[in-house]
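Residue-level structural notes
Residues per chain are reported as follows:
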Amino acid sequence: MNRLAVTVAGVTFRNPVITASGACGFGREYNHFYPLSRLGGISVKGMTLRPQEGNLPPRVAETPAGMLNSVGLQNPGVDAFLQDELPWLEKQDTRIIANVAGHTVEDCEEIARRIEGSAVDMIELNISCPNVKQGGAAFGTSCMAAAEVTAAVRRYTTKPLMVKLSPNVTSITEIARAVEAAGADAVSLINTLLGMRIDLRTRRPILRNNVGGLSGPAVFPIAVRMVWQVANAVKIPVVGMGGIATWQDAVEMMMAGASAVQVGAAAFSDPMAPVKIVDGLAEYCADQGIESISEIVGSVHPWE
Amino acid sequence: MLQGNCEILKREQLTETIFDVTVSAPEMAAKAKAGQFAQIRAEGFFLRRPISICEIDKAAGTLRFVFEVRGGGTEALSRLAVGEKMDLIAPLGNGFTLLPQGEVIVIGGGIGVPPMLGVALSYHGRAKAILGFRSRSAVILESDFIRTGQMPVVCTDDGSYGKAGVVTNALVEQIALRRPDLIAACGPEPMLRAVIEVARKEGIPCEVSLEQRMACGVGACLVCACRTVKNGEEHLRHVCKDGPVFPAEEVLL
């Protein structure tokens, strides 16, 4: 009996640790450090309909306990994913989540249509990229736009549909409810928080895009809070992410209400971080006499 | 690419801001090529620091890093003492082409000099080095370059040591004396631009090592983009995986 197995929107993951989109490419690089079969799954680099070059450099600025990035969804496009990356990824014995990041509703529909017959296990509809001018967070910051794109993709896919939410909104629970009503099977959160750094000497923003998305341990408490709020606002499962770096962080995120977690920037400090989290969760379950890690999901006892 | 905690065997301060650290890393050294780099963890900082490999000793199983303190992260690295461990991911990137025969000119500018020592050493006497520094107090590794089998040409911007002026003056002179089959360079962008221009005019193949802010260092996160041209099309490629060494005709500086 695998204590770590979790089921999200009908998809069973061997453990609740998924590498987050944008942090692990299509999995090939980190496969040098550990077999991808050690993971619950991989959410691949956000893909657009056509290849995209992304923003000019510099695209990264370090911050206390984290980093800003402004990559801007550089990716080879959905067809290259299906042709060049997916056949390899299918052989790695891990769940595959396709992160879909179209510029328009029609783009998102078309990407979902092309993925439909493939071995992809789940779609993660990215309505929250802060680094692109079209699509991205423009979808994720209005309930109406978020619901529209979710409903549109819903019509083109039979795969479980997870929607990745932006924290750069007044009320993330309203967006979560809107995408739930539009047919989402799960939500994942949080994408990065919009931030900025300035070089004192040149008086220029460090990022060529001026602003970028903050990730890393710096955002973890915000992510825990938002996951807790959203888990209490919707009936569909929540996948929690944002600054998770240790197994203790993963447990905390699950107690807040996450059915599974995604790990991103932590791998930049320690490539083995996702696997260490898996091992830590296994030990935690054994120590605590927990039969199934799902028992802890949403188990926080909030103060009255 | 391997990850490991590597014991520091030797540590020296070369100038006010430049440190010289040798670590025990037999498996990494066995795989490493001149021009590759390591991602080094700096205590208290979220991102690793990409540092070029200065010298690879496969027999001794060591890697040598010569780096400049530029901020808190590299300052933390500079404080590590002999006997302490350095957390490395290495070797990373592609490294310079190593011609099986023929001669090369290697050019280093400032903190771009250290990786070129490894390149020059791997040519066993077939490499002539031209090294550029701001002034006498910034000159590093001159005696190490003598071990390459040819005396290096040292230039300083202010003329306080060696030849006065920029490395490209010395490059033009060297080409006239003995035309190389390849020019390999690492240094500040204005220097690289000038070197590429000389190589282009002379019709000599040239490779340059680029620098960019990095996060993962292994090709996954895509932050270390650089502008390149291939087959007439401009593309953003990545210094950590596609580079750091690029053919001169492919880079847009």
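Each chain carries its own residue numbering, running from 1 in the written order of its sequence. To read the labels, note that chains go from A and ligands from 1, taken in the order they are written. Residues qualify for local features only when their pLDDT is at least 70, as the model is predicted, and side-chain atom pairs are given and counted only at 80 or more; totals for whole chains, interfaces and linings, by contrast, use all residues. Side-chain measures were taken over the full set of non-hydrogen atoms in the model, leaving aside hydrogen atoms and water.

1. Observations concerning the interface of chain B and chain A
- Any two residues whose heavy atoms approach within 4.5 Å at even a single point are treated as in contact. Of the residues lining the interface, 27 residues belong to chain B; the matching set on chain A comes to 34 residues.
- Interface area, chain B with chain A, both sides summed: about 2,500 Å², of which 62% is carbon and sulfur.
- Salt bridge criterion: a side-chain nitrogen from Lys or Arg within 4 Å of a carboxyl oxygen from Asp or Glu. In this structure, the connection of chain B to chain A is made through two salt bridges.
- Of the charged contacts, one joins Arg49 of chain B and Glu62 of chain A as a salt bridge, the two residues approaching to 2.6 Å between their closest N and O atoms.
- Polar contact is defined as a pair of N or O atoms within 3.5 Å, subject to the rule that within protein one atom must be able to donate a hydrogen and the other to accept it, and that residues adjacent in sequence are counted only when both atoms are side-chain atoms. Inspection of the chain B/chain A interface yields 12 residue pairs in polar contact (both at pLDDT 80 or more). Buried area is a sum: the accessible area each of two parts loses on coming together, probed at 1.4 Å, counted once for each and added.

2. Observations concerning the packing of helix α7 (residues 247–256) of chain A against helix α9 (residues 273–288) of chain A
Residues and elements named next belong to chain A.
- For helices, the fitted line uses only the C-alpha atoms of the stretch in contact; every axis is such a line through C-alpha atoms, and the angle between N-to-C directions lies from 0 to 180 degrees. Under the scheme used here, helices are H or I runs from DSSP no shorter than 4 residues and strands are E runs no shorter than 2 residues, and both carry numbers assigned from the N terminus. One way to put it is that α7 packs onto α9 with a least axis distance of 8 Å and a crossing angle of 65°. Considering their axes alone, α7 and α9 lie roughly perpendicular with respect to each other. Between α7 and α9 the crossing geometry is right-handed. Residues Trp247, Ala250, Val251 and Met255 of α7 form the contact with α9, whose own contacting residues are Ile277, Gly280, Leu281 and Tyr284.
- Partitioned by chemical class, the residues of the contact of α7 with α9 number seven nonpolar, one polar and no charged. An angle counts as roughly parallel when it lies under 35 degrees, as roughly antiparallel when it exceeds 145, as roughly perpendicular when it falls between 65 and 115, and as oblique in every other case. By convention, the crossing between two helices is left-handed when the near helix turns anticlockwise from the far helix through less than a right angle, and right-handed when the turn is clockwise. Residues are grouped as follows: nonpolar covers Ala, Val, Leu, Ile, Met, Phe, Trp, Tyr, Cys and Pro; charged covers Asp, Glu, Lys and Arg; every other residue, Gly included, is treated as polar.

3. Observations concerning the domain arrangement of chain B
Residue and element names in this part refer to chain B.
- As assigned here, chain B comprises domain 1 (2–92), domain 2 (104–209) and domain 3 (211–253).
- For domain 2 and domain 3, the distance between their C-alpha centres works out to 23 Å.
- Contacts between the two partners involve eight residues from domain 2, matched on the other side by nine residues from domain 3.
- By the criterion of area lost to domain 3, the three top residues of domain 2 are Ile196, Val208 and Ser209, representing 51% of everything that side buries.
- Remark: the boundary between domain 2 and domain 3 carries two residue pairs in polar contact (both at pLDDT 80 or more).
- Listing elements by their share of the side of domain 2 that touches domain 3, those giving two or more residues are α6 (189–202) and β13 (206–209). Boundaries between domains were set according to an automatic or database domain assignment.

4. Focus on the pairing of strand β14 (residues 225–230) of chain B
Residue and element names in this part refer to chain B.
- Sheet topology places β14 next to strand β15 (residues 233–238); six bridges connect them, and they run antiparallel. Opposite Lys230, over in β15, you have Glu233 as the bridge partner.
- Only strands that DSSP links by at least two bridges are regarded as paired with each other. Between the antiparallel neighbours β14 and β15 lie two residues, among them Asn231 with a positive phi of about 50°.

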